[in-house]
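The chain contents come next:
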Amino acid sequence: METTALEHRFNQKIEREEKIEPKDWMPEDYRKNNIRQISQHAHSEIVGMLPEANWITRAPSLRRKVALLAKVQDEAGHGLYLYSAAETLGTDREEMIDDLHSGKAKYSSIFNYPTTTWADIGAIGWLVDGAAITNQVALCRTSYGPYARAMVKICKEESFHQRQGYEIMCAMAFGTPEQKAMAQDALNRWWWPSLMMFGPTDGDSVHSQKSMDWKIKRYSNDELRQEFVDKTVAQAEYLGLTIPDPDLTYNDETGHYSFGEIDWKEFYQVISGNGPCNKERIEARRKAHEDGAWVREAANAFAQKRANQQVA
Amino acid sequence: MEQEKQKAALNLSLVMGDNALILGHRLSEWCGHGPILEQDIALSNIALDLIGQARLWLSHAGKLQGGKSEDDLAYHRDVFDFHNFQMVETPNGHWGKTLLRQFLYDAWHHAMLQKLVLAQDEDIAGIARKSLKEVNYHLRWSSEWVIRLGDGTEESAAKMQDAYADVWPYVGELLQKDFWLKELDQWIPGFTADEILAQWWKTVREVFSQANLPAEPMDWLYRKGHLGHHTEHLGFILAEMQFLPRAYPDATW
Amino acid sequence: MSNQNWPLFEVFIRSKNGLSHKHVGSLHAADAAMAIENARDVYCRRNEGVSIWVVPSTQIVASDPEDAEALYEPAKDKIYRHPTFYTVPDEVGHM
C-alpha cells in the first residue's frame, strides 16, 4: 500500500479512537514521538527513585519505612513497565538508558531538586505524585496501546502513593510546631516545581500540537496544571499550610483558581542541566549501571553455560 | 523456670528481630542502585520481607518487656543493646558480596525457622510460620545468585572470592551453640542447636560446590554481636536510622 | 564488556485458578528460570497471580496486521454461527 493510503488509514483509526498496536503501520514521527515520550516517562520514574530513596534508611518509624520502600520499589516497577512499552516500538532498554546517561534523553526536572528533610517525602507524595497522577490518568487513554495499558496499571498502583504522602503531611502539620514548620518549608520549596511538572505553557510547548493531534496527549499542559491547582488548594487549607503564591485567588466566574506567574527561567535552567541535583542524579544512575555490568554479564555467561550443558 | 523461659523468648525475639532489621536496612540501601531494574525490585522485596519480620519480632519482644512498641526498640536502643550478628551490619560492598552475605544468613535463617515453627509458644511459632514462607524464597534466590556469580565469568568468580574473604570471617558467630542457642534446646521440642548447624553446613556446602567457593573452618570466638558486641558499622547505621526520633523526641510521625 | 544485555521475555499471569493466563507485559532476564522469578517480583507484588508463564519474546509468532482483511473479514458475515440467527418460538422459552 502507498504511504499516503497507509497514513490515511492510520489517521482514521486515531479518529475512531482505535488503539494503535505495535505491529500496525504508523508514521515514523508517531513512532519517534512515542519513544521519546514513553522513555522520558520511564526515565522520570527511575531517576525519581533517588530523591526518595535518600530517606528510606532515615524513615522515622518502621511503618513509614516499609511504606516508603514499597513506594520507591513501585517506581522501579513503573519504569520497567514503561521501558517495556517503549521496547515494543523497536528500541531497546539499553539504548534508552544510554541516552539518559549521555544527557540526550530528558526526564522530569522535578527530580533535580534535593530532599533535605523528612517533610520532603510527604510533599513529594502529596504534590509531585499528585501532579504525576493528574498527568497519568489523562494518559490512560493515549492512542498507543502498550503505553495506555502500562498507564492503567501504573495509575492503579500509584493510588497509594499520594495518600502515603498526604498522611505524612497530616502527621507533621498537626504535630509539634517544629514539624509544622518543616511541613511548611517543604511546601514552599516543592509547590512551584510541582506546577512546572506539567511542562511549558501551551503556547511554548514544542511537541504539544502534534501529540494532541495523534491523541498521544489528550489534554494540554495548561489544562492539566489548572486541574491540579484546583484540587490541591483545599488540601493545603485543610493542613493549615500556606501555598507560597500571593496571587493565588479563587475566581467565582470561572470556578477555577488563578495563580501567579511560574518562573520559567528556573524551569529552563533546571531542564538544561543546571538544577541543584542534575549531576548527582545522572551520576548515581550511571554508577549503578556501570557497577552492575559485571553482574549482568556473569548472569548471561552462566545461562549460556547451563544451556550448553543441557544440549550436551 | 517460667522466668527463664521468658528470658529465652525475649532473647530469641531480639536476635531474630535485630538481624532482620539491620539486614533489611542494609538491603534497602540498594534501592535505586541495583545492577538492573528487575533485580533492584527483587532485592527490595526481600528488604520489605525482612523489615516486616523485624516488626513482628520486635513487637513481640516489646510485649515481653512490658509494653514497649516496635519503634521503641528500633529507634531508642543504642549499639550495646542490639542483638544482631556482626555479619549483617557489615557494609554491602558489591552485588556479589551483598548476595553472599545474604545467602549465608538465609541458610541460617531458614534452618532456624524450620525449628522455630515447632515452638509451643504460639507467638513465636506464628511469626516463624509467616517468616518461613518468605525465607524459603530468599534462600532459593540468594543460592541461585551465589552459584551464578561463582560460576559466571572469570571476573565474577574473582569478585566472589573477594566477597568470600570479606564475609566468611563473620559466619562463625552464626554457628556457636554454647550461648543463647543452647537454651532453646530446652523449651522447643525437637530443637537442637546441632541440627541447625548441620543443616547450615549442608546448604552451604551444596551451594559452594557449584559456586566454586571453599567452606573452610573459621575462627569465631571474638564475634559476639548477639551479646551486644558490635563492629564500628552498627553505630553509623543507628545514627542514620534513629536520627529523626532522637532529634525530635516529642514528635510522632 | 562483551554481553551484558539480558534477553526480553513476555509474561503471562493466571490471576486465579479457573482463569486463563493473560499477557501482562515483559521483562529482561538472563534465562527462563530467572524470568519466572523476575516476573514474580515485578508483576506479582500485589497478589496478582497464582501461576506464571514466560516466553522469550523472540519466540512469539504474530500475525501481520496487513493480513487483517484476509484473516478476519471473512468471519464477519457468517451470522449463522451466532445463536441469534435462529428463531425459536417464545413458548419454548430460553434455549
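If you're wondering where the values come from, they're calculated on a predicted model, not measured in any experiment. (Residues numbered from 1 in each chain as written. Chains lettered and ligands numbered in written order. Predicted model: local features only at pLDDT ≥ 70, side-chain atom pairs only at ≥ 80, totals over all residues. Heavy atoms only, no water.)

Trainee: If you had to explain the interface of chain B and chain C to someone new, which residues and values would you point to?
Mentor: Contacts between the two partners involve 13 residues from chain B, matched on the other side by eleven residues from chain C. Taking both partners together, chain B and chain C bury about 1200 Å²; carbon and sulfur atoms supply 51% of that area. The salt bridge partner of B:R140 is C:E37, with a shortest N-O separation of 3.0 Å. Viewed at the interface, chain C and chain B are joined by five residue pairs in polar contact (both at pLDDT 80 or more). Looking at the side of chain B that touches chain C, the element that brings in the most residues is helix 6 (residues 122-150) of chain B, giving six residues. Its residues assigned to classes, the side of chain B that touches chain C comprises six nonpolar, two polar and five charged. (Contact = heavy atoms within 4.5 Å. Buried area = accessible area lost by both parts, 1.4 Å probe. Salt bridge = Lys/Arg side-chain N within 4 Å of Asp/Glu carboxyl O. Polar contact = N/O pair within 3.5 Å; in protein donor to acceptor, adjacent residues only side chain to side chain. Helix = DSSP H or I, 4+ residues; strand = E, 2+ residues; numbered from the N terminus. Nonpolar A, V, L, I, M, F, W, Y, C, P; charged D, E, K, R; others polar.)

Trainee: I'd like a rundown of the confidence of the model for chain C, residues and numbers included.
Mentor: Any segment with low pLDDT has predicted coordinates that should not be analysed in fine detail. Across chain C, the average pLDDT comes to 91, with 98% of residues at or above 70. Here the predicted complex carries an ipTM of 0.96, next to a pTM of 0.95. (pLDDT = per-residue confidence, 0-100.)

Trainee: Please set out the packing of aromatic side chains residue by residue, giving values where relevant.
Mentor: In total, this model carries 29 aromatic pairs over all chains according to the counting rule given. Between A:W191 and A:F228, the ring centres sit 6.1 Å apart and the planes meet at 25°, which makes this aromatic pair stacked. Highlighted residues: A:W191 in helix 7 (residues 177-196) and A:F228 in helix 9 (residues 221-239), separated in sequence by 37 residues. By the burial criterion, A:W191 is buried, and A:F228 matches it. Taken together, the ring pairs connect B:F103, B:Y164, B:W168, B:W200, B:W201 and B:F208 into an aromatic cluster. One Lys or Arg, A:R58, reaches over the ring of A:W55 and ends 3.7 Å from the middle of that ring. (Phe/Tyr/Trp six-rings, centres within 6.5 Å; stacked < 30°, edge-to-face > 60°. Buried < 20%, exposed > 50% of the residue type's maximum accessible area, 1.4 Å probe, protein only. Lys NZ or Arg CZ within 6 Å of the ring centre and 35° of its normal.)

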